[in-house]
Amino acid sequence: MKKLLRKIKNSRKIQSFILTIVLIICAGIFWYIRTDPVMPQLTIYFLNDVKLPEKGQKVLVFSPHPDDETIACGGYIIESVQREADVKIVLVTDGNKRSLKDLRYSEFETATSILGLPVNNLIFLNYPDGKLAQQSQIELEKVFQNQIDSHDPDIILYPHPSDTHKDHITISKIVEKILEQSPNKKIAYKYLVHHHLYPHPKKYAPDLYTLPPIRLITFDGGWERLMLSEETINLKLKALESYKSQLKNPLLKKLLESSIRKNELFAVESLHD
């Protein structure tokens, strides 16, 4: 009887010890999320690498405004061009929110030429900046569908649905709807530009990795990395420096500069088998 009581007592001690450890771990996780809501830097080594196109494959990038293509996936575009892929960018809006359409188009052409694209690979849809949600969504879907059908890309890059800019959200919803209805398999990568926790911290920090906010990690779509060489980073920085009109704005300057990191980040999910 004494042995049985002793075993029960020891078992309770072990259970209490395990419970204490679990509570400490939970408290640590809660504290980390409250103080630093982005995955820690070391988790970069646990992310898979994105798929880069092979020679001759087609890549289609939907860019809401002039500069989004470079901020979010300038490195991916550079690497794709160097691998002799056929890369085209669909620039959806005119960037004319501050009456700078001609200047921003010129900056866009300069930046994308540095990324390696000829002007013929740029498609201008000319929708009004900041007003995509007010446009006919049926019309936008037809126009986007036409671009996808015309270029028949193997890989599509477009805004993440958790982006906080209305133009980005509108494009994301429509492109995802098209891809979900498509009978053809596409590799789809979603990129994030506008989010209060991304990139983190919002400053020029080229020695840091870009990592996803914890609250954007889901089971239905993982995040993948593109590690950038020094040469690619320098080209991306040079392309960003073409957007002088944006760099004059302190907030936009922070956004552009904070995109210069050791990697780019994309959310991916398989839309068709």
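Quick caveat: nothing in here was measured; it's all calculated off a predicted structure.

## Details of the sheet that holds strand 1 (residues 48-49)
Thinking step 1. Strands sit in the order 1-7-8-6-5-2-3-4 across an open sheet of 8 strands; the sheet is mixed. Two strands close off the open sheet at either side, each with one partner strand: strand 1 and strand 4 (122-127).
Thinking step 2. Across 4 bridges, the pairing between strand 3 (residues 86-93) and strand 4 is parallel. Directly across from isoleucine 89, in strand 4, lies its bridge partner leucine 122.

## Some words on the confidence of the model for the chain
Detailed reading of the predicted coordinates is not advisable wherever pLDDT falls low.
Thinking step 1. Model confidence for the chain is summarised by a mean pLDDT of 89, while 84% of its residues fall at 70 or above.
Thinking step 2. Low pLDDT, under 50, characterises residues 22-36; the predicted model gives this stretch 8 contacts beyond four residues in sequence or across chains.

## Some details on the nonpolar core
Thinking step 1. Grouped together as the largest cluster of nonpolar side chains are 37 residues, with contacts concentrated most on Cys73, Tyr76, Ile77, Leu157, Tyr189 and Phe266.
Thinking step 2. Not counting the four nearest positions on each side in its chain, tyrosine 76 is found in contact with Val50, Lys51, Leu52, Pro53, Val59, Ile155, Leu157, Tyr189, Leu226, Glu264 and Phe266.
Thinking step 3. Among the nonpolar cores identified, the runner-up in size contains 19 residues, and Val92, Ile148, Ile174 and Leu179 belong to it.

## Overview of the pairing of strand 7 (residues 222-227)
The side chains of a regular strand alternate between the sheet's two faces.
Thinking step 1. Strand direction decides the pairing type here: strand 1 and strand 7, joined by 2 bridges, are parallel. If you follow aspartate 49 over to strand 7, its bridge partner there is arginine 225.

## Considerations on helix 3 (residues 101-115)
Thinking step 1. For helix 3, built from 15 residues, the straight-helix expectation of 21 Å at 1.5 Å per residue is met to within 8% by its first-to-last C-alpha distance of 21 Å.
Thinking step 2. Every buried residue of helix 3 is accounted for by Arg104, Tyr105, Glu107, Phe108, Ala111, Thr112, Ile114 and Leu115.
Thinking step 3. Looking at the buried residues of helix 3, the elements they touch are helix 2 (68-82), strand 3, strand 4, helix 6 (230-240) and helix 7 (244-247).
Thinking step 4. Positive phi appears at glycine 116, one or two residues downstream of helix 3, with a value of about 115°.

What counts and what doesn't
Residues numbered from 1 in each chain as written. Predicted model: local features only at pLDDT ≥ 70, side-chain atom pairs only at ≥ 80, totals over all residues. Heavy atoms only, no water. Pairing = 2+ DSSP bridges. Helix = DSSP H or I, 4+ residues; strand = E, 2+ residues; numbered from the N terminus. pLDDT = per-residue confidence, 0-100. Contact = heavy atoms within 4.5 Å. Core = buried A, V, L, I, M, F, W, Y, C linked by side-chain atoms within 4.5 Å. Buried < 20%, exposed > 50% of the residue type's maximum accessible area, 1.4 Å probe, protein only. Expected span 1.5 Å × (residues − 1).

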